[in-house]
Amino acid sequence: MDRTLAADLARLPELLDATCAAAADALATLDARPVVPPAPSVPPAGQAHAPEGLPEHATGTDAALDAFRDRWEPRLSASAGPRYLGFVTGGATPAALAGDWLTAVHDQNSNSALDGGGQDLERETVGWLRELFGLSTVHCGTFVSGATMSNTTGLAIAREWLGERLGVSPADDGAAALGPVRVLSGAPHSSIGKALSVLGLGRNSLVRVPTLPGREAVDPAALERALADTPGPAVVVANAGTVNTVDFDDLRAIQALRERHDFWLHTDAAFGAFAALSPEHAHLVDGLDASDSVCVDLHKWLNVPYDSAVQFTRRQDLQARVFQNSAAYLGPLGEDPDLVHLTPENSHRLRALAAWFTLRAYGRQGHREIVERDIACARALGAAVAEDPALTLLAPVRLNVVCFTLAEAPTPARLTALRQAVAGEVFVTPTVLEGTAGLRAAFSNWRTTQADVRRAAEALGAAAREIA
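Reference entry: report on the structure contained in this document. In this text the structure is predicted, and so the values were computed from the model without any measurement.

### Considering the overall build of the chain
No. 1: What the chain contains, in helices and strands, is 15 helices and 11 strands.
No. 2: By the compact-globule yardstick of 23 Å for 468 residues, the chain fits well, its C-alpha radius of gyration being 24 Å.
No. 3: The principal-axis extent of the C-alpha atoms belonging to the chain is close to 65 × 65 × 45 Å.
No. 4: Buried positions account for 50% of the 468 residues belonging to the chain.
No. 5: At a minimum sequence separation of 6, the contacts of the chain that also span at least 24 residues come to 72%.
No. 6: Element-wise, carbon and sulfur atoms account for 55% of the exposed surface of the chain, whose accessible area totals about 20,800 Å².
No. 7: Side-chain charges of the chain comprise 39 positive and 55 negative groups, with the mean position of each set lying 4 Å from the other.

### Quick notes on a nonpolar patch on the surface
No. 1: Together, Met1, Leu5, Leu9, Leu12 and Leu16 give the surface a local cluster of nonpolar side chains, amounting to about 540 Å² of exposed area.
No. 2: Elements represented by at least two residues in the nonpolar patch include exactly helix H1 (3–10) and helix H2 (12–28).
No. 3: Within the secondary structure layout, Leu5 lies in helix H1.
No. 4: Among the residues examined, Leu5 registers a relative accessible area of 51% and is labelled exposed.

### Digging into the nonpolar core
Proteins that are soluble and globular tend to have nonpolar side chains buried together.
No. 1: Counting residues in hydrophobic clusters, the biggest one holds 52 residues, and the most contacted among them are Leu129, Phe133 and Leu298.
No. 2: A total of seven residues in this core trace back to one element, the largest contributor, which is helix H13 (residues 352–387).
No. 3: When neighbours within four sequence positions are excluded, Phe133 is seen to be in contact with Ala273, Phe274, Ala276, Leu277, Leu288, Val296, Leu298 and Phe312.
No. 4: Listed in part, the 26 residues of the second largest apolar core include Leu85, Cys377, Val385 and Val453.

### Some points on the side chain of Asp297
No. 1: Turning to its location among the elements, Asp297 is positioned in strand S6 (residues 293–297).
No. 2: Of note is the side chain of Asp297, whose polar atom sits 2.9 Å from the side chain of His299.

### So, the sheet that holds strand S11 (residues 436–442)
No. 1: Spatial strand order, S8-S9-S11-S10: four strands in an open sheet with antiparallel pairing. The open sheet has two free edges, formed respectively by strand S8 (391–393) and strand S10 (429–433), since each of these has just one partner strand. Here the strands of the sheet are splayed against their neighbours by 45° on average, with no regard to which way each runs.
No. 2: Note that S8 and strand S9 (residues 401–406) share three bridges and pair antiparallel. Paired with Leu391 across the two strands is Leu406, which belongs to S9.

### Remarks on the packing of aromatic side chains
No. 1: In total, this model carries seven aromatic pairs according to the counting rule given.
No. 2: The interplanar angle of 55° and the centroid separation of 6.0 Å between the aromatic rings of Trp161 and Trp264 together place this pair among those described as tilted. Remark: Trp264 occurs in strand S5 (residues 263–268) and Trp161 occurs in helix H6 (residues 147–166); sequence separation between them is 103 residues.
No. 3: Residue class for Trp161 comes out buried when judged on its relative accessible area of 5%.
No. 4: On the basis of relative accessible area, Trp264 is assigned to the buried category, the value being 0%.
No. 5: Through a chain of ring-to-ring contacts, three or more aromatic side chains come together here, namely Tyr84, Phe87 and Phe427.

### Quick look at unusual backbone geometry
No. 1: Cis geometry marks the peptide bond from Tyr306 to Asp307; its omega dihedral reads -5°.
No. 2: Within the secondary structure, Asp307 is located in the loop between helix H11 (298–301) and strand S7 (309–313).
No. 3: In this model, Asn303 sits at a positive phi of 60°, which is unusual for a non-glycine residue.
No. 4: Summarising the element assignment, Asn303 is placed in the loop between H11 and S7.
No. 5: Backbone geometry places Glu434, a non-glycine residue, at a positive phi of 50°.
No. 6: Inspection of the secondary structure puts Glu434 in the loop between S10 and S11.
No. 7: Using a relative accessible area of 67% as the deciding quantity, one classes Glu434 as exposed.

### Some details on the pattern of salt bridges
No. 1: Per the stated rule, a full pass over the model turns up 30 salt bridges.
No. 2: As a salt-bridge pair, Arg260 and Glu224 come within 2.6 Å of each other at their nearest N and O atoms. Within this pair, whereas Arg260 is found in the loop between helix H10 (251–256) and S5, its partner Glu224 is found in helix H9 (residues 220–229), the two being separated by 36 residues in sequence.
No. 3: Residue classification places Arg260 among the partly exposed residues on the basis of a relative accessible area of 49%.
No. 4: The residue Arg351 makes a salt bridge to Asp307 at a minimum N-O spacing of 3.4 Å. Here Asp307 lies in the loop between H11 and S7 and Arg351 lies in the loop between helix H12 (316–323) and H13, a separation of 44 residues in the sequence.
No. 5: The exposure class of Arg351 is buried, given its relative accessible area of 6%.
No. 6: What emerges from the salt-bridge pattern is a single network uniting Asp31, Arg83, Glu425, Asp452 and Arg455.

### Comments concerning the pairing of S7
No. 1: Most of S7 sits out of view: five of its five residues are buried.
No. 2: Going residue by residue along S7, you find Ala309, Gln311 and Thr313 tucked away on one face and Val310 and Phe312 tucked away on the opposite face as well.
No. 3: Note: strand S1 (residues 140–144) against S7, five bridges, orientation antiparallel. Residue pairing across strands places Thr142 opposite Gln311, the latter belonging to S7.
No. 4: As paired strands, S6 and S7 are joined by five bridges and run antiparallel to one another. Bridging from a neighbouring strand, Ser293 pairs with Thr313 of S7.

### Describing the environment of Leu439
No. 1: Structurally, the position occupied by Leu439 is in strand S11.
No. 2: Owing to a relative accessible area of 0%, Leu439 belongs among the buried residues under this scheme.
No. 3: Considered as a pair, Leu439 and Thr405 are 34 residues apart in the sequence and their alpha carbons are 5.9 Å apart.
No. 4: Contacts of Leu439, omitting those with residues within four sequence positions, involve Val402, Cys403, Phe404, Leu415, Leu418, Arg419, Val428, Thr429, Pro430 and Thr431.

About the thresholds
- Residues numbered from 1 in each chain as written.
- Predicted model: local features only at pLDDT ≥ 70, side-chain atom pairs only at ≥ 80, totals over all residues.
- Heavy atoms only, no water.
- Helix = DSSP H or I, 4+ residues; strand = E, 2+ residues; numbered from the N terminus.
- Rg over C-alpha atoms; globule rule 2.2 N^0.38 Å.
- Buried < 20%, exposed > 50% of the residue type's maximum accessible area, 1.4 Å probe, protein only.
- Contact = heavy atoms within 4.5 Å.
- Areas by Shrake-Rupley, 256 points an atom, 1.4 Å probe, with all protein chains shown as cover.
- Lys, Arg positive; Asp, Glu negative; His and termini not counted.
- Charge placed at Lys NZ, Arg CZ, Asp CG, Glu CD.
- Patch = residues over 30% accessible without salt bridge, like charges linked within 9 Å, V, L, I, M, F, W, Y side chains within 5 Å.
- Salt bridge = Lys/Arg side-chain N within 4 Å of Asp/Glu carboxyl O.
- Core = buried A, V, L, I, M, F, W, Y, C linked by side-chain atoms within 4.5 Å.
- Polar contact = N/O pair within 3.5 Å; in protein donor to acceptor, adjacent residues only side chain to side chain.
- Pairing = 2+ DSSP bridges.
- Axes fitted to C-alpha atoms, helices over the stretch in contact; angles between N-to-C directions.
- Phe/Tyr/Trp six-rings, centres within 6.5 Å; stacked < 30°, edge-to-face > 60°.

In structure tokens:
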């Protein structure tokens, strides 16, 4: 063994203590650090931020930790903190962080019944999540890396269902065996087009269906007309929480269309599924269980570390037909397939452990409190924006996202200037809603409080008045 590696092994408890101290320091200073540090100027060659060459000789973990804290830690955003409101980004609850560390410690490839503890833990965690989101036991679930992979997996199963209806198997015969495919959706997330591209169905198979006036929710009557335009099986992608305004399709109304039309219903509930935790908002996901496949992203509102999501489906048999992996060293397919037969991944880290920890530690009530507090924070920021003459709301605050813009001349350049001006205090992301450039503030972090809302609102208002 390399002498430095052997020395690190001998000092492992000490090195882990040093790493723990560095982690605790980083978390303790989240509130004081810039949410997004200013971009560094381009340094002369060979100085601080120019790429370093691969080290030739071992220097050990101590030196690597020092180098990271010196060169890279100051440039990382405070995305785990309470005022990182861009995208839909959670943090990591204390229990989730502990679970994620232990994931690395035990280093499981939890894909096979030959070493079954990991996948048994995943199945237990999936059962808890299914209950959390109000899904019935007819849904089976598997962990994947994020919403894009969850949507891709769900649509891969839908592709095989289309083949079943037409008497072919795209998994065996290729997507071309299906002929033209229609995927209908009102306001699909960008990952849907990406998934269709990966699956060989093509981005052009996505048919945009009109939405309700002033809404991002699909118009059920328009959807029925689109389904009737071309006979034959189709795929409908419903939205339970759109990106800009957290709008929800009427899942019950869409389900009712199945009495007259043949389609697979995939619901993208990446963060909207968490509305089920709040009695005031659970009606928004009424009918979610009727979906044939469901996407939920966990590194959003469950507040587990990246990367983590789950996909559910009623047709695990079709899922295994798509992703089965035949090799002598793997377990059999069987009636209860090993995880290796259910996703694109052969290597499948035990990402369920972080979710297991946070659910075990805080239960339904603890996570309900996070969801309801974030919703209250979004409402408070929405109210502050509505009262500020320099800003204007672009949509009602339906759940946890505030979509807003400058009251005057909301050009992309001026909004970029606004984002950059407040980046130290709050991070928001750009968008366009019905042709108007705007900004989004998405609340999903377990740390966020009303005090953070006040800081964000004051920073945004002051910067907007300065720009004006």
